[in-house]
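Remarks on the overall topology
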Amino acid sequence: MNEKTVTFIVDGKEIKARPEQTIMKACDEAGVYIPRLCAFKDLSPFGSCRVCTVKVNGRPQAACTQPVGEGIVVESQTAEIQQIRRNIIDMLFVEGNHFCMFCEKSGNCELQAMAYRLGILAPKFPYMFPVRGVDASHPDIFIDWNRCILCARCIRTSCEIDGKNAYGFIGRGPHKRVATNSSAGLKGTDADVSDKAPANCPVGSLMYKRIGYAVPIGCRLYDKNPIGSDIEMKKTT
Ligand code: FES
């Protein structure tokens, strides 16, 4: 830890951080997991899903974008905040078509894992069953818009890590979706099987072809450990 640190409180625990850190980054380093979907360790903060909502000195903030501050008091694991997160996850489930039992991402899916972590057994809102398609035109990658949660991790990964701009948002409100940077669809872009973008999709929306069942369901990442446990294992106190 550098000489210059700030100290703040999360759910009663004192955490030291570097002044330039976000609340989420500082908590990650301290072994305190804050749920998230759009945030990803290798990408710049985006602040769109609000699953990381915490209260900072009594006001709701996104932990993935909110900087730390000396003496701030952060609430994360309260019943109220957990319910806000459950409501967001509930809405994501009913707004798309997430058929976990048929999805090859099951067990590796962060949306599914987050629902389990938050104790969601069945959505409480009515399903919308939107009509959405699939782009399987590329030889090695496909997009299934039924499963997209608009986190922009594919867009940001393509730009920030892969050095491309294969994806972008189009439309507004309920019509917003991830589009490819070619009128010919995915096959017309420079997206490639070596890209990290499909690997960084938290759900089964942007996927590599032909590896869906390489690891059997039941032996996958979140089949073994709850989401966030890798961070919580760092806990020292
Ligand atoms: S993880 Fe912070 S807004 Fe999505």
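What counts and what doesn't
The residue count restarts for each chain, going from 1 along the sequence in the order it is written. For this predicted model, a pLDDT threshold of at least 70 governs which residues receive local features, and a threshold of 80 or more governs which side-chain atom pairs are given and counted, while totals over whole chains, interfaces and linings are taken from all residues. Strands are treated as partners if at least two bridges between them are detected by DSSP. The numbering of helices and of strands both runs from the N terminus, where a helix is a DSSP run of H or I of at least 4 residues and a strand a run of E of at least 2. For each domain, the first and last residues come from an automatic or database assignment. This entry defines residue contacts through backbone-placed C-beta atoms, with two residues in contact when those atoms are within 7 Å. Note that Gly is not counted as nonpolar here; it falls among the polar residues with everything else outside the nonpolar set of Ala, Val, Leu, Ile, Met, Phe, Trp, Tyr, Cys and Pro and the charged set of Asp, Glu, Lys and Arg. The angle between two axes is taken between their N-to-C directions and runs from 0 to 180 degrees, where each axis is a line fitted to C-alpha atoms and a helix contributes only its stretch in contact. What makes a nonpolar core is a set of buried Ala, Val, Leu, Ile, Met, Phe, Trp, Tyr and Cys residues, with links drawn between C-beta atoms within 7 Å. Residues are called buried when their C-beta atom has 20 or more other C-beta atoms within 10 Å, exposed when it has 12 or fewer, and partly exposed otherwise; all C-beta atoms are positioned from the backbone.

Spatial strand order, β6-β7-β10: three strands in an open sheet with antiparallel pairing. Lying at the two open borders of the sheet, with one neighbouring strand each, are β6 (134-135) and β10 (206-208). Bridge count for strand β7 (residues 141-144) against β10 is three bridges, and the pairing is antiparallel. Residue pairing for β10: F142 is matched across the bridge by M207.

Let us now look at the domain arrangement of the protein. Segmenting the protein into domains produces domain 1 (6-77) and domain 2 (85-211). Distance from the C-alpha centre of domain 1 to the C-alpha centre of domain 2: 25 Å. Contacts between the two partners involve 13 residues from domain 1, matched on the other side by 17 residues from domain 2. Looking at side-chain class alone, the side of domain 1 that touches domain 2 contains eight nonpolar, three polar and two charged residues.

The sheet built from five strands is open, its strands ordered β2-β1-β5-β3-β4 with mixed pairing. One side of each edge strand has no neighbouring strand; the edge strands of this open sheet are β2 (13-17) and β4 (59-62). Going across the sheet, the axis of each strand differs from the next one's by a mean of 35°, ignoring polarity. Taken together, the four bridges between strand β3 (residues 53-56) and β4 define a ladder with antiparallel strand orientation. Bridging from a neighbouring strand, T53 pairs with A62 of β4. Taken strand by strand, helix α2 (residues 79-95) contacts β3 and β5 (73-75), and its axis lies near 150° from that of β3.

A separate point is the nonpolar core. Core analysis: the largest hydrophobic core is formed by 54 residues, its most contacted members being C52 and L111. If we ignore the near neighbours within four places in the chain, the residues touching L111 are L37, I89, L92, H98, I149, P202 and V203.

Attention now moves to the pairing of β3. Once β3 ends, the chain turns through two residues before running back antiparallel as β4, passing N57 with a positive phi of about 50°. Where β3 and β5 come together, two bridges link them in antiparallel fashion. In the sheet register, V56 faces β5, and the bridge partner there is V74.

Moving on to helix α3 (residues 110-117). Counting buried positions along α3 gives six out of eight residues, so the element sits mostly inside the fold. If you check which residues of α3 are buried, you get E110, L111, Q112, A113, M114 and A115. Looking at the buried residues of α3, the elements they touch are α2 and α6 (221-224).

This brings us to unusual backbone geometry. Phi at N57 takes a positive value of approximately 50°, unusual for a residue other than glycine. Its location among the elements puts N57 in the loop between β3 and β4. The backbone phi angle of L150 is positive, close to 60°, even though this residue is not glycine. Summarising the element assignment, L150 is placed in the loop between β7 and α4 (153-160).

Of the pairings in the sheet, the one linking strand β8 (residues 167-170) to strand β9 (residues 177-180) comprises four bridges and is antiparallel in character. Within β9, the residue paired with I170 across the bridge is R177. Two successive antiparallel strands, β8 and β9, enclose a turn made up of six residues, where G171 displays a positive phi of approximately 80°.

The next subject is the environment of D195. On the secondary structure map, D195 appears in the loop between β9 and α5 (197-200). Separated by 37 residues in the primary sequence, D195 and S158 have C-alpha atoms spaced 7.3 Å apart.

What follows deals with the environment of I72. Following the sequence through the fold, I72 ends up in the loop between β4 and β5. Sequence spacing of I72 and K25 is 47 residues, and the spatial spacing of their C-alpha atoms is 15 Å. Sequence-distant contacts of I72, that is, excluding residues within four places in its chain, are made with F8, V56 and N57.

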